Amino acid sequence: MRSIVIAGNWKMYKTRAQTREYLATFVPMIQNRSSDRNVVLCSPYTSLETLAEGLEGQNVGVGAQNLHWEKEGAFTGEISAPMLQELKVTHVVIGHSERREYFGETNQTVLKRTQAVLAANLIPIVCVGESKAQRDNNETETFIFQQLDEGLDGVNLAQVIIAYEPIWAIGTGETCESEEANRVIGLIRQRIKGEQVPILYGGSVKPTNIDELMAQPEIDGALVGGASLEAESFARIVNYVD
Ligand code: 13P
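What counts, and at which threshold
- Residues numbered from 1 in each chain as written.
- Predicted model: local features only at pLDDT ≥ 70, side-chain atom pairs only at ≥ 80, totals over all residues.
- Heavy atoms only, no water.
- Phe/Tyr/Trp six-rings, centres within 6.5 Å; stacked < 30°, edge-to-face > 60°.
- Helix = DSSP H or I, 4+ residues; strand = E, 2+ residues; numbered from the N terminus.
- Buried < 20%, exposed > 50% of the residue type's maximum accessible area, 1.4 Å probe, protein only.
- Lys NZ or Arg CZ within 6 Å of the ring centre and 35° of its normal.
- Axes fitted to C-alpha atoms, helices over the stretch in contact; angles between N-to-C directions.
- Parallel < 35°, antiparallel > 145°, perpendicular 65-115°, else oblique.
- Left-handed = near helix turned anticlockwise from the far one by under 90°.
- Contact = heavy atoms within 4.5 Å.
- Salt bridge = Lys/Arg side-chain N within 4 Å of Asp/Glu carboxyl O.
- Patch = residues over 30% accessible without salt bridge, like charges linked within 9 Å, V, L, I, M, F, W, Y side chains within 5 Å.
- Areas by Shrake-Rupley, 256 points an atom, 1.4 Å probe, with all protein chains shown as cover.
- Lys, Arg positive; Asp, Glu negative; His and termini not counted.
- Charge placed at Lys NZ, Arg CZ, Asp CG, Glu CD.
- Expected span 1.5 Å × (residues − 1).
- Nonpolar A, V, L, I, M, F, W, Y, C, P; charged D, E, K, R; others polar.
- Pairing = 2+ DSSP bridges.

Draft legend 1. Broad picture of the packing of aromatic side chains. Using the criterion set out here, one finds five aromatic pairs in the structure. Judged by centre distance (5.5 Å) and plane angle (20 degrees), the rings of Phe26 and Phe234 are stacked. You can see Phe26 sitting in helix 1 (residues 16–29) and its partner Phe234 sitting in helix 10 (residues 231–238), a full 208 residues away along the chain. Each member of the pair, Phe26 as well as Phe234, carries the same accessibility label: buried. Of the aromatic side chains, those joined through ring pairs into one cluster are Trp10, Tyr22, Phe26 and Phe234. Note that Arg37 overlies the ring of Tyr240, its terminal NZ or CZ placed 3.6 Å from the centroid.

Draft legend 2. Representation of the packing of helix 1 against helix 10 within the structure. Closest axis-to-axis distance for the helix 1/helix 10 pair is 9 Å, and the angle between their directions is 25 degrees. The pairing of helix 1 with helix 10 is recorded here as roughly parallel in orientation. For helix 1 against helix 10, the interelement crossing comes out right-handed. Packed against helix 1, whose contacting residues are Tyr22, Thr25, Phe26 and Met29, the element helix 10 presents Ala231, Glu232, Phe234, Ala235 and Val238 at the interface.

Draft legend 3. Expanded view of the pattern of salt bridges. All told, the structure shown has 16 salt bridges when counted by the stated rule. Two residues, Arg113 and Glu105, come together in a salt bridge whose shortest N-O distance is 2.8 Å. Overall, Arg113 belongs to the buried group, its relative accessible area being 7%. In this structure, Arg191 engages Asp149 in a salt bridge whose closest nitrogen and oxygen atoms are separated by 2.6 Å. Within this pair, whereas Arg191 is found in helix 8 (residues 178–192), its partner Asp149 is found in helix 7 (residues 140–151), the two being separated by 42 residues in sequence.

Draft legend 4. How the structure looks around a negative patch on the surface. A contiguous patch of negative charge on the surface is contributed by Glu49, Glu53, Glu56 and Glu86. By secondary structure assignment, the location of Glu49 is in helix 2 (residues 45–54).

Draft legend 5. Examining helix 7 more closely. Taking 1.5 Å of rise per residue, the twelve residues of helix 7 would be expected to cover 16 Å, and the 16 Å separating its terminal C-alpha atoms lies within 8% of that figure. The elements touched by buried residues of helix 7 are helix 4 (97–102), helix 5 (107–119), strand 5 (123–128), helix 6 (132–136), strand 6 (161–164) and helix 8.

Draft legend 6. Expanded view of the packing of helix 7 against helix 8. Relative orientation of the contacting elements helix 7 and helix 8 amounts to 40 degrees, with a least axis distance of 10 Å. For the element pair helix 7 / helix 8, the angle class is oblique. Where helix 7 crosses over helix 8, the two elements pack in a sense that is right-handed. In contact with Glu141, Ile144, Phe145, Leu148 and Asp149 of helix 7, helix 8 contributes Arg183, Val184, Leu187, Ile188, Arg191 and Ile192. Partitioning the contact of helix 7 with helix 8 into residue classes produces seven nonpolar, no polar and four charged.

Draft legend 7. Seen up close, the sheet that holds strand 2 (residues 37–42). Strand order in the closed barrel formed by eight strands is 1-2-3-4-5-6-7-8, with parallel pairing between adjacent strands. Going from strand to strand, the sheet's axes swing by 25 degrees on average, the running direction of each strand aside. Alignment of strand 3 (residues 60–64) against strand 4 (residues 91–94), held across two bridges, turns out to be parallel. Paired with Ala64 across the two strands is Val92, which belongs to strand 4.

Draft legend 8. Here's a closer look at the environment of Pro124. With respect to the element layout, Pro124 can be found in strand 5. In this structure Pro124 comes out as buried when scored by relative accessible area, which is 0%. When the C-alpha positions of Pro124 and Val205 are compared, they lie 20 Å apart, and in sequence the two are 81 residues distant. Pro124 has contacts with Val92, Ile94, Thr114, Val117, Leu118, Gln159, Val160 and Ile161, leaving out every residue within four places of it along the chain.

Structure representation (C-alpha cells):
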C-alpha cells in the first residue's frame, strides 16, 4: 500500500499571527481523520517554527518550499537543510513550477536540492508538470519524462514524494480531469519504476473535487495551493470522502 499524502502549499501567504489563527481552527477539524492520511503544511520560512509548535503531537508534517544543497555559504537569500532541521521541518517542496518559471530553477538544480533534502533525512515533494502550450503540442509526456529523468537522476526514491501539477491547472480553477490526472500519474509511475512512491495531483484542488480525484487508483494524494489557505476548506480536503 502506498501512503496517502494531503499537502497544503501556502506559497507566499500568511504571517506568523495568521498561522496561529489558522491552526486554532484547523487542528480541531482534523482530529477524526483516518490514520492512513498523512497531512503536511508547507509555509513560508517565517511561519515554520510557529507551525511546528502549533502542530506538536498532531502527526502533521511541516514543509518548507525550497532548500539549498550546501549546508552554509555565501548564497544570499537561500536556506539550508540544517537550518530547516532545527525548526523541525519534515518535508521540502522542490522544483515547484513557480520556482522554475520565476526563479530559474532547472532540472539540474532540482536534482541537487532533492539529493540534499534526502541526505538530511527530510522528505522531498518533487513537482513536475507541463504548460498549456506543451499540452496543446502533445509534448506532455516527453516534457515530464525529461523532468523526471534529469531531476531524479540516480536518486533513491524510497523517501521521495512526487507531485504532478499541470501548470495550466494551477490557480486557474481549471482542474485537470481526474481520469486524465490519473493517466499521467500512471505514466509517471511507470517511468520512475517506483511502485511505492506516492504521487500527488496538484492544480485547483478544492473541497468540491477532492473526493473524485482521490477515487482514482493512481492518485495518492493532493498538493493544494489556494484551497489550503482557509482552514475549513483544507480540513474538508483532508477529510475527503472515500
Ligand atoms: P492551486 O491549488 O492554487 O491551483 O495551486 C496548486 C499548487 O501550485 C500547489 O503547489
